[in-house]
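Structural overview for review
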Amino acid sequence: MTQAKKGPFFRGDIDMRIARDGTWFYKGTPIERMALVKLFATILSRDDAGDYWLKTPVEETRIQVEDAPFVAVELEVQGSGRDRQLRFRSNIDEWIVAGSAHPIRVVEDRDTGEPSPYVRVRPGLEALIARSVFYQLADLAEPSPQYDGRLGVWSGGVFFDLGESEA
């Protein structure tokens with residue numbers, strides 16, 4: 001009796017990269033078929049070491065991601081205050097509603113102080129919030145209910161800190 005192999009048949013690196021603007025590349029060439037990008041996105045994961053993998057039942061291939069694998073390119077706002085729902089559309093037409101399962105976070109560059117905002121798409125995977133969308137969030141910002149001098153937004157009953165007030 002033959003014993004079935006455990007784990008993937010192949011595990012290694014391939015020449016695939018996701019640029020900061022959300023463009024997927026294979027061997028240096030942009031992947032222009034959105035259906036193919038969406039398919040790859042369904043098998044994308046990130047491990048505890050921070051590496052990104054495309055995983056199928058027969059292989060695991062590591063790919064390079066410049067920043068985040070997705071970009072939030074559109075914002076829909078429903079409601080106001082604590083009842084507000086912030087819906088982000090990603091560059092692969094996936095909708096994410098910010099809340100406890102999909103938090104928003106902002107990382108400031110140590111040297112420049114420039115913010116990089118993100119929303120969680122699924123565990124281990126985030127979308128970089130496009131600058132124009134972040135400006136929309138900034139327009140919605142209100143004082144933090146907990147910390148003086150901080151601004152943020154409500155979505156899904158959760159307050160997300162966007163940074164210090166410049167006032």
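Below, the structure is looked at part by part. Keep in mind it's a predicted model, so treat the numbers as computed, not measured. (Residues numbered from 1 in each chain as written. Predicted model: local features only at pLDDT ≥ 70, side-chain atom pairs only at ≥ 80, totals over all residues. Heavy atoms only, no water.)

So, the side chain of Thr 61
The following threshold applies: Counting from the N terminus, the helices are the DSSP runs of H or I reaching at least four residues and the strands are the DSSP runs of E reaching at least two. Throughout, exposure labels follow a simple rule: accessible area from a 1.4 Å probe, protein chains only, divided by the maximum for the residue type, with under 20% read as buried, over 50% as exposed, and the rest as partly exposed.
Tracing the sequence through the fold places Thr 61 in strand E6 (residues 59-65). Residue Thr 61 is classed as buried on the basis of its relative accessible area of 4%.

So, the pairing of strand E5 (residues 52-55)
Defined as follows: Note: two strands are recorded as paired if DSSP finds a minimum of 2 bridges between them.
Across three bridges, the pairing between strand E4 (residues 44-46) and E5 is antiparallel. When the bridges of E5 are listed, Ser 45 appears paired with Trp 53. Between E4 and E5, which pair antiparallel and follow one another directly, the connecting turn spans five residues, one of which, Gly 50, has a positive phi of 95°. Bridge count for E5 against E6 is four bridges, and the pairing is antiparallel. Counterpart to Tyr 52 in the pairing with E6 is Ile 63.

Things to note about the packing of aromatic side chains
To keep it simple, the criterion reads: In this scheme Phe, Tyr and Trp rings, the latter by its six-membered ring, pair at centre separations within 6.5 Å, and the angle between planes marks the pair as stacked below 30 degrees, edge-to-face above 60, and tilted otherwise.
Counted according to the given criterion, the structure contains two aromatic pairs. A ring pair is formed by Trp 24 and Phe 40, whose centres lie 6.2 Å apart and whose planes are at 10°; its orientation type is stacked. Placement of Trp 24 in strand E2 (residues 24-26) and of Phe 40 in helix H1 (residues 34-42) is noted, with a sequence separation of 16 residues between them. Measuring from ring centre to ring centre gives 5.3 Å for Trp 154 and Phe 159, while their planes differ by 70°; the resulting arrangement is edge-to-face.

Regarding helix H2 (residues 131-140)
We count it as follows: Think of it as the arc spanned by the lines of direction from the helix axis to the C-beta atoms.
Listing the buried residues of H2 in full gives Val 133, Phe 134 and Leu 137. Buried residues of H2 fall within an arc of 100° about the axis and therefore sit on the same side.

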